[in-house]
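# Coordinates in review
Now for the letters of each chain:
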Amino acid sequence: AQSVTQPDIHITVSEGASLELRCNYSYGATPYLFWYVQSPGQGLQLLLKYFSGDTLVQGIKGFEAEFKRSQSSFNLRKPSVHWSDAAEYFCAVAKTAGTASKLTFGTGTRLQVTL
Amino acid sequence: DTEVTQTPKHLVMGMTNKKSLKCEQHMGHRAMYWYKQKAKKPPELMFVYSYEKLSINESVPSRFSPECPNSSLLNLHLHALQPEDSALYLCASSQSPPSLSVDTQYFGPGTRLTVL
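First things first, this report covers the structure right here in the doc. In this text, all values refer to a predicted model and were calculated from it rather than measured experimentally. Each chain carries its own residue numbering, running from 1 in the written order of its sequence. Chains carry letters from A onward and ligands carry numbers from 1 onward, assigned in written order. With the structure being a predicted model, the display of local features is reserved for residues of pLDDT at least 70 and the display and counting of side-chain atom pairs for 80 or more, all residues being used for whole-chain, interface and lining totals. Calculated side-chain values reflect all of the structure's heavy atoms, with hydrogen atoms and water omitted.

All right, on to the overall build of chain A then. Broken down by element type, chain A carries 0 helices and 12 strands. Secondary structure elements of chain A, listed N to C terminal, follow the sequence β-β-β-β-β-β-β-β-β-β-β-β. In summary, chain A has a C-alpha radius of gyration of 14 Å against a globular reference of 13 Å for 115 residues, a match within 12%. Along the three orthogonal principal directions, the C-alpha set of chain A runs to about 45 × 30 × 25 Å. Only protein chains enter the accessibility calculation, which uses a 1.4 Å probe; a residue whose area is less than 20% of its type maximum is buried, one above 50% is exposed, and one in between is partly exposed. Expressed as a percentage of its 115 residues, the buried residues of chain A come to 46%. Whether two residues are in contact is decided by their heavy atoms: any pair within 4.5 Å suffices. Intrachain contacts of chain A at a sequence separation of at least 6 include 54% that bridge at least 24 residues. Note on areas: Shrake-Rupley, 1.4 Å probe, and residue coverage restricted to the protein chains presented here. Looking at chain A as shown, the accessible area adds up to about 5300 Å², and 49% of this sits on carbon and sulfur atoms. For the purpose of counting charges, residues Lys and Arg are taken to be positive, whereas Asp and Glu are taken to be negative. His and the chain ends are not included. Charge positions come from single atoms, namely NZ of Lys, CZ of Arg, CG of Asp or CD of Glu. A distance of 9 Å separates the average location of the 10 positive side-chain charges in chain A from that of its 8 negative side-chain charges. Helix numbering and strand numbering both begin at the N terminus, where a helix is a DSSP run of H or I of at least 4 residues and a strand a DSSP run of E of at least 2. Radius of gyration means the value over C-alpha atoms here, while the globule rule gives 2.2 Å times the residue count to the 0.38 power.

Looking now at the pattern of salt bridges. Residue and element names in this part refer to chain A. Salt bridges are defined as contacts in which a side-chain nitrogen from Lys or Arg sits within 4 Å of a carboxyl oxygen from Asp or Glu. Summed over all chains, the structure comprises 10 salt bridges over all chains. As a salt-bridge pair, Asp 8 and Arg 22 come within 2.9 Å of each other at their nearest N and O atoms. Taken as a pair, Asp 8 in the loop between β1 (3-5) and β2 (10-14) and Arg 22 in the loop between β3 (19-21) and β4 (24-26) lie far apart in primary sequence, 14 residues in all. In this structure, a network of salt bridges that share partners links the residues Glu 64, Glu 66 and Arg 77.

Attention shifts here to unusual backbone geometry. Cis geometry marks the peptide bond from Thr 7 of chain B to Pro 8 of chain B, where omega comes out at -10°. Mapped onto the elements, Pro 8 of chain B comes out in the loop between β1 (4-7) and β2 (10-13). For Ser 72 of chain A, which is not glycine, the phi torsion reads 50° and is therefore positive. Looking at where Ser 72 of chain A falls in the secondary structure, it is placed in the loop between β8 (64-68) and β9 (73-78).

This paragraph deals with the sheet that holds β1 of chain B. Residues and elements named next belong to chain B. By this definition, two strands are paired if DSSP reports at least two bridges between them. With respect to topology, 4 strands assemble into an open sheet ordered β1-β3-β8-β7, the strand pairing being antiparallel. In the strand order of this sheet, the two ends are held by β1 and β7 (64-70), each with one partner. The sheet shows a mean angle of 20° between the axes of neighbouring strands, direction not considered. Of the pairings in the sheet, the one linking strand β3 (residues 18-25) to strand β8 (residues 73-79) comprises 7 bridges and is antiparallel in character. The partner of Lys 22 across the bridge, within β8, is Asn 75. Only C-alpha atoms enter the line fits that serve as axes; for helices the fit covers just the stretch in contact. Angles between N-to-C directions range over 0 to 180 degrees.

In this section: the interface of chain A and chain B. Contact with chain A, which involves 25 residues of that partner, is made by 27 residues of chain B. Buried area between chain A and chain B, both sides added, is near 2000 Å², and the carbon and sulfur share of it is 60%. Note: buried area is the sum, over both parts, of the accessible area (probe 1.4 Å) each one loses when the two are combined. Ranking the residues of chain A by area buried against chain B places Leu 44, Thr 99 and Ser 101 of chain A at the top, with a combined share of 26%. For the pair chain A and chain B, the interface holds 1 salt bridge.

Okay, structure coming up:
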């Protein structure tokens, strides 16, 4: 069965500092990986995804993620964090479910940004 | 445009009430999803509709009844809910290509449900 682990429940960074959020997955085949962000009381916004090809993926809001098969990881990075980046971040892996997809989410990492 | 809309934004209901949540998308997506999200937890899949047919029911209690009247619209009918059903209910949609490959789910803003 597929699973996703986000080891950090809560991370605090200073505005302007760099950020790395960790994500490890367990999946037998080629993983389809996503990062979503959720502001309090809001829905999930897609930051980026990896299906195949270049292992360094660029997303919205200046985020990027690197797929490392040897480490079963898909860590999210941002060179300089803004206060508006404070939110909950979910890593997810997907598999086909008939003609739809089924997402398995990690438990999330809450990012706090100090000014 | 990757917008999924949900109404209402907030809903308060008693345990004997009947209410419905609505989700709409106009991206031509053929798969639509309902998720339940409790505070400080990831979303949990409830139902999946693909090509207007229910394809996945994650053993959800019958007090939740989904409906997909057409490819753009998804409803969740609520009846005799319990206080523990209070949560954020999220709708999502995806293109659902016939090639049976994984595709991307786009989420709506959610409906915050409180059951008294």
